[in-house]
Each structure stands twice: as structure tokens, then as C-alpha cells.
Amino acid sequence: GFEGICHQMIQPLQVCAVRLQPRDDGSERTALLHFVRAAVSRCGTDRLDLCKGVVRLYLTHWPSLNGVAAMAQFVRHFRAVRLELHYDNAFESRAPC
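Residues numbered from 1 in each chain as written. Predicted model: local features only at pLDDT ≥ 70, side-chain atom pairs only at ≥ 80, totals over all residues. Heavy atoms only, no water.

Caption draft 1: Local environment of the packing of helix α2 (residues 27-43) against helix α3 (residues 65-77). Two elements in contact, α2 and α3, have axes separated by 8 Å at closest approach and are oriented at 20°. With respect to α3, the element α2 is oriented roughly parallel. Here Glu28, Arg29, Leu32, Phe35 and Val36 of α2 lie close against α3, whose contacting residues are Asn66, Gly67, Ala70, Met71 and Phe74. Classifying every residue of the contact of α2 with α3 by side-chain character gives 6 nonpolar, 2 polar and 2 charged. (Axes fitted to C-alpha atoms, helices over the stretch in contact; angles between N-to-C directions. Helix = DSSP H or I, 4+ residues; strand = E, 2+ residues; numbered from the N terminus. Parallel < 35°, antiparallel > 145°, perpendicular 65-115°, else oblique. Contact = heavy atoms within 4.5 Å. Nonpolar A, V, L, I, M, F, W, Y, C, P; charged D, E, K, R; others polar.)

Caption draft 2: Spatial organisation of α3. Over its 13 residues, α3 extends 19 Å from the first C-alpha to the last, a length consistent with the 18 Å expected when each residue adds 1.5 Å. The complete set of buried residues in α3 reads Asn66, Gly67, Ala69, Ala70, Met71, Gln73 and Phe74. Those residues of α3 that are buried lie in contact with α1 (3-9), α2, β1 (53-59) and β2 (81-87). (Expected span 1.5 Å × (residues − 1). Buried < 20%, exposed > 50% of the residue type's maximum accessible area, 1.4 Å probe, protein only.)

Caption draft 3: Spotlight on the pairing of β2. As defined by bridge partners, β1 adjoins β2 across 7 bridges and the pair is classed as parallel. When the sheet's bridge partners are listed, Arg56 is paired in β2 with Glu84. Taken together, β1, α3 and β2 form a β-α-β motif whose crossover is right-handed. (Pairing = 2+ DSSP bridges. Right-handed = clockwise from strand over helix to strand, strands pointing away.)

Caption draft 4: Region of the structure containing the packing of aromatic side chains. Counting across every chain of the model gives 3 aromatic pairs. Between the aromatic rings of Phe35 and Phe78, the centroid separation amounts to 5.3 Å while the plane-to-plane angle is 80°, which identifies the pairing as edge-to-face. You can see Phe35 sitting in helix α2 and its partner Phe78 sitting in the loop between α3 and β2, a full 43 residues away along the chain. A relative accessible area of 26% places Phe35 in the partly exposed class. Aromatic rings pair up to connect Phe35, Phe74 and Phe78 into one cluster. (Phe/Tyr/Trp six-rings, centres within 6.5 Å; stacked < 30°, edge-to-face > 60°.)

Function cannot be inferred from these measures alone, as they are strictly geometric.
Encoded structure:
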């Protein structure tokens, strides 16, 4: 199948040497992989230029470095798809104490 191709298109960052934690489970990457799977299943890998439109992502916090890397890879493969990102500050309280 094309699952391996999709994971190669949006690769996670390498394991952090300091924390030794894998970085392949970020919400940004997961959401973009969902789109990539749908696009590849419909268009194939050689006709990704047919994909046009807007992908909107909402995060409850600012994107991680791994998320920024995933978004950069997404934009590289889907040049005609506009990627919009909106996020809140999860550490800022909305209600007064």
C-alpha cells in the first residue's frame, strides 16, 4: 500500500538526544498524515499537483518544532494547498481566578 509513502512524505524529527523521546506522535503530523493518505489514495503520488484548496488546523497551543517540520514538509509536497494554522495559548487562563 501507500502507507509507507505517506509516512516518508511527512517524516518526524529524529529522536531528541537529550530527552530520548520519539517525536512521531504530534497532533500536527497526525492531522496532516490524515490528509496525505486521502490525497494519495485519490490522486496517487505522481499527481499531487491536482490537490488544491485550504487545510485549516487548530491547536490548543503553539506548534511544536516537530509540528513546524511536518507543516514545512506538507507545503513542499502540496504547493497548491494553502495551510492555515490557528492556535491558543493553553497555559493562559481564560477565566479570572
